[in-house]
Amino acid sequence: MRRGFRRLTAALLCAVLLLLPAGCRSGAEKGRIKYVIGVSQANMREPWRLVLIRELQEEAARHPEIRLVITDATADGEKQVEDIQRLLGYGIDLLIVSPHDVERITPVVSEVYQKIPVIVLDRVVEGYDYSLFIGLDNDLIGKQAGEAAVRLVRGSAAKVLELKGGPHSQASAERSGGFRSVTSLFPLIEIESVTVENESRDAAEDLVSAYGERLREFDVIFAHNDYMALGAYKAAHRLGCDDVKIVGIDGFTGQDGGLELIRGGRIDETITCPTGGREAIQFSLDILGKVSGVPKQVILRSHAITRENVDSYERQLDRATRPVDRTIRVGYAQVGTESGWRLANNQSIRDAAREFGIDLTAIDADNDQQAQLEAVREFIRQRMDVIVISPIVDSGWDEVLMEARDAGIPVLLSDRKISVAEDDLFMTFIGADFIEEGRRAMRWTAANVPADKHPVRILEIQGTVGATPTIERKRGFEMLLAEHPDYSIVYSAGGDFTREGGRLVVGQYLREHAWDIDVIYSHNDDMALGAVDALEASGIQPGRDVKIISVDGTEEAVKALEEGRLNCVVECSPLLGPQLMKAVTDLMSGKELPLRIITDERVFTAQTPREELRGRKY
């Protein structure tokens, strides 16, 4: 009875809230409403956010069983908190929030998450107290814009005018950094940057107009959104500088959207910046329907749009998904069985394939990249529908992936990333945020191992040389290490992600040095447990005489944590099977997969409640 009252209350909001989609429904339609979704928008002044609302409404209109209730925080953090509390009072089933002030909204989102599912858009809150984050890789978008600029001037000498957002815009800073990381490889390209405070069309037009005849010095204008790009075009056209090339960002449909600007020849290229509105509604239904395989984070894909591909891109946006009416055949080139984590990972993928009704063929490469390459070629010969690779190392994949592309077989990456010359050689990466795992390890070190008496000396046990987890866990750790001058890595060696490898690294250090290490940072649990073996054999008490931090969260490591032999375990869940198989079925049904699909992770310490540590599946 209470739920029915909530439904009625939410439906009656149509009469008083102006921001609901296209009017209220008839009494008969109200009876079909199954879910009420609250949307807390940071503001409705920015064009990007208005498009976000439009896409939320358009996608919701495809699903008569849901109703949206939308609020506008008007760029006021306190009002956004009040808006969320009001939405909860309406009895919503799920909250979608695009934060204005991340710091202020984080505890509110955490509190709401204890009651109902929460999807966070655009700006991620601190911690993992939400159901799903949908965001963008603004650094990559900037790189794609840089590649566009280089293409337009053919890598020759050129001058670029960059129209940036305000100094407090993190997205603008990341886009600018990505752009320069590409153009810096071409020393004859010179960049002049100016700030457009409100990032509007009119402000950009005024600013570019003020250049007058000097605008003729520039070969390319790079605007951080298409609205500024349109303003730049108007100014350049009025000044008679029609030869200047213009690159924008957003790629929206509709009047004066980036796609129409491309078609009309007013700008030369745009990099799409999806809002996540459509995906938020789709994932809301998955979450509320308890569909298996919903990830923790989704980083959406961006595309470079030109006059040559604008029509095909827009057709792709309107393409309807289709049910898969046959068994999907998947070939899985797995790393091997080198650790407890990997055994659990392989089992999770096999179990999920059965759950999703997928015909899975797995080949164990036994940590041999050549064997893994041959496994992929065998899957190509067998004409698999999809190929999944957990790559042993991140290089050496271009040739075989080109063979898969030529055969029309999409490739997905699980657990580890790769470096390739062409971004379209694989569809998506499904796994953990390895950089954040490293950051969490160093964050715990700085908070729990004080440097008040002497500098903190760290021994690092790296994983397999060239593997993505090794590279990124090291990078993330060192990112925060650089902020703490009294902490340093004094010894670092590879343990190949095995227990024996960890034992050998610590044993080698003990043979060469008197023991003077304060912290051991191990890139996985097996190597950390090997380090524990070596320490105990030498009479050194792990967990007390030296603090040990590990990554993975296997059952044996958690037990060692409870016993005090490890001090901190950063989780990297191997249970990727449901997310992987959901991505496979989504792909085969016609959905575009995101750039990255990130799984849920936590940090375990001696203070973690025991009920959270026990009963784990790996």
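Preceding this section is the structure that the text describes.
First things first, this report covers the structure right here in the doc. (Residues numbered from 1 in each chain as written. Predicted model: local features only at pLDDT ≥ 70, side-chain atom pairs only at ≥ 80, totals over all residues. Heavy atoms only, no water.)

**Section: the overall build of the chain**
Item 1. A tally of helices and strands in the chain yields 22 helices and 24 strands.
Item 2. Against the compact-globule benchmark of 25 Å for 618 residues, the chain has a radius of gyration of 26 Å, which places it among compact chains.
Item 3. The buried share of the chain, reckoned over its 618 residues, is 55%.
Item 4. Counting every atom, the chain has about 25900 Å² of accessible surface; 49% of that belongs to carbon and sulfur. (Helix = DSSP H or I, 4+ residues; strand = E, 2+ residues; numbered from the N terminus. Rg over C-alpha atoms; globule rule 2.2 N^0.38 Å. Buried < 20%, exposed > 50% of the residue type's maximum accessible area, 1.4 Å probe, protein only. Areas by Shrake-Rupley, 256 points an atom, 1.4 Å probe, with all protein chains shown as cover.)

**Focus: helix α4 (residues 77–89)**
For the α-helix, the turn length of 3.6 residues means that residues three or four positions removed from each other point alike.
Item 1. Spanning 13 residues, α4 covers 19 Å between terminal C-alpha atoms, matching the ideal 18 Å at 1.5 Å per step.
Item 2. Among all positions of α4, only G77, Q80, V81, D83, I84 and L87 are buried. Along the axis of α4, the buried residues cluster in a sector spanning 160°; they form a single face. Every exposed residue of α4 that faces more than 90 degrees away from the buried side is listed here: E82 and G89.
Item 3. In the core, the buried residues of α4 are packed alongside β1 (35–41), β2 (66–72), β3 (94–97) and α5 (102–113).
Item 4. By the N-cap criterion, in which a side-chain oxygen at the helix start approaches the backbone nitrogen of a residue two or three places on, α4 is capped by D76, the distance to E78 being 3.0 Å.
Item 5. Just downstream of α4 lies G91, where phi reads positive at about 80°. (Expected span 1.5 Å × (residues − 1). Arc of directions from axis to C-beta. Contact = heavy atoms within 4.5 Å. Polar contact = N/O pair within 3.5 Å; in protein donor to acceptor, adjacent residues only side chain to side chain.)

**Overview of the nonpolar core**
Item 1. Core analysis: the largest hydrophobic core is formed by 67 residues, its most contacted members being L95, I387, W397 and L401.
Item 2. What W397 contacts, discounting residues up to four positions off in sequence, is Q369, Q372, L373, V376, I389, P391, I392, I418 and V420.
Item 3. Counting 47 residues, the second-largest nonpolar core is a separate cluster that includes A149, V182, C273 and L285. (Core = buried A, V, L, I, M, F, W, Y, C linked by side-chain atoms within 4.5 Å.)

**A closer look at the side chain of K582**
Item 1. Inspection of the secondary structure assignment puts K582 in helix α21 (residues 577–588).
Item 2. In terms of polar contacts, K582 uses its side chain to reach the side chain of D286, at 3.0 Å.

**As for the packing of helix α14 (residues 369–381) against helix α15 (residues 398–406)**
Item 1. At a closest axis distance of 10 Å, the pairing of α14 and α15 adopts a crossing angle of 10°. Between α14 and α15, the interaxial angle falls into the category roughly parallel. Residues L373, V376, R377 and I380 of α14 lie in contact with α15, whose contacting residues are E399, V400, E403 and A404.
Item 2. Here the residues of the contact of α14 with α15 sort into five nonpolar, no polar and three charged. (Axes fitted to C-alpha atoms, helices over the stretch in contact; angles between N-to-C directions. Parallel < 35°, antiparallel > 145°, perpendicular 65-115°, else oblique. Nonpolar A, V, L, I, M, F, W, Y, C, P; charged D, E, K, R; others polar.)

**So, the side chain of R301**
Item 1. Relative to the elements of secondary structure, R301 occurs in the loop between β11 (297–299) and β12 (304–305).
Item 2. No salt bridge is formed by the buried R301; the nearest opposite charge belongs to E592, separated by 4.9 Å.
Item 3. Among the polar contacts listed, one links the side chain of R301 to the backbone oxygen of P594, at a separation of 3.3 Å.
Item 4. Ignoring anything within four residues of it in the chain, the contact list for R301 reads T272, P274, M427, T428, E592, L593, P594 and L595. (Lys, Arg positive; Asp, Glu negative; His and termini not counted. Salt bridge = Lys/Arg side-chain N within 4 Å of Asp/Glu carboxyl O.)

**Some thoughts on the sheet that holds strand β8 (residues 220–223)**
Through backbone hydrogen bonds, the strands of a sheet pair up, either in parallel or in antiparallel fashion.
Item 1. An order of β7-β6-β8-β9-β10-β12 is seen for the six strands of this open sheet, with the pairing classed as mixed. Here the strands that pair on one side only, and so sit at the sheet edges, are β7 (189–195) and β12.
Item 2. In the sheet, strand β9 (residues 245–250) pairs with strand β10 (residues 269–272) via four bridges, with the strands oriented parallel. Bridge pairing in β10 places V247 opposite E269. (Pairing = 2+ DSSP bridges.)

**Some remarks on helix α17 (residues 468–481)**
Item 1. For α17, spanning 14 residues, the distance from its first C-alpha to its last is 20 Å, which sits close to the expected 20 Å at 1.5 Å a residue.
Item 2. Of the residues making up α17, those classed as buried are T468, P469, T470, E472, R473, G476, F477, L480 and L481.

**Some points on the sheet that holds strand β18 (residues 456–462)**
Item 1. As summarised here, the arrangement of the six strands in space is β19-β18-β20-β21-β22-β24, forming an open sheet in which the pairing is mixed. Lying at the two open borders of the sheet, with one neighbouring strand each, are β19 (487–494) and β24 (603–605). Going across the sheet, the axis of each strand differs from the next one's by a mean of 20°, ignoring polarity.
Item 2. In the sheet, β18 pairs with β19 via seven bridges, with the strands oriented parallel. By the bridge assignment, V456 is partnered in β19 with Y487.
Item 3. Packed onto the sheet, helix α19 (residues 525–537) meets β18, β20 (519–522), β21 (547–552) and β22 (568–571) and runs at close to 155° relative to β21.

**Digging into the pattern of salt bridges**
Item 1. Overall, the coordinates contain 55 salt bridges when judged by the stated rule.
Item 2. Between D202 and R201 there is a salt bridge, with its nearest N and O atoms 3.4 Å apart.
Item 3. We classify D202 as partly exposed; its relative accessible area is 44%.
Item 4. Residue R201 is classed as partly exposed on the basis of its relative accessible area of 34%.
Item 5. In this structure, D311 engages R263 in a salt bridge whose closest nitrogen and oxygen atoms are separated by 2.9 Å.

**Thoughts on the environment of G276**
Item 1. Inspection of the secondary structure assignment puts G276 in the loop between β10 and α11 (277–288).
Item 2. Sequence spacing of G276 and F133 is 143 residues, and the spatial spacing of their C-alpha atoms is 9.8 Å.
Item 3. With near-sequence residues (within four places) excluded, G276 lies in contact with L52, L121, I134 and L300.

**Description of the environment of D325**
Item 1. Here D325 is to be found in the loop between α12 (310–318) and β13 (329–334).
Item 2. Here D325 falls in the exposed class, since its relative accessible area comes to 75%.
Item 3. Along the primary structure D325 and M588 are separated by 263 residues, whereas in three dimensions their C-alpha atoms are 10 Å apart.

**Side note on unusual backbone geometry**
Item 1. Residue D256 is not a glycine yet carries a positive backbone phi of 60°.
Item 2. With respect to the helices and strands, the residue D256 is situated in the loop between β9 and α10 (258–263).
Item 3. You can call D256 partly exposed: its relative accessible area is 23%.
Item 4. Residue K290 is not a glycine yet carries a positive backbone phi of 55°.
Item 5. Look at K290 and you get exposed, because its relative accessible area is 74%.

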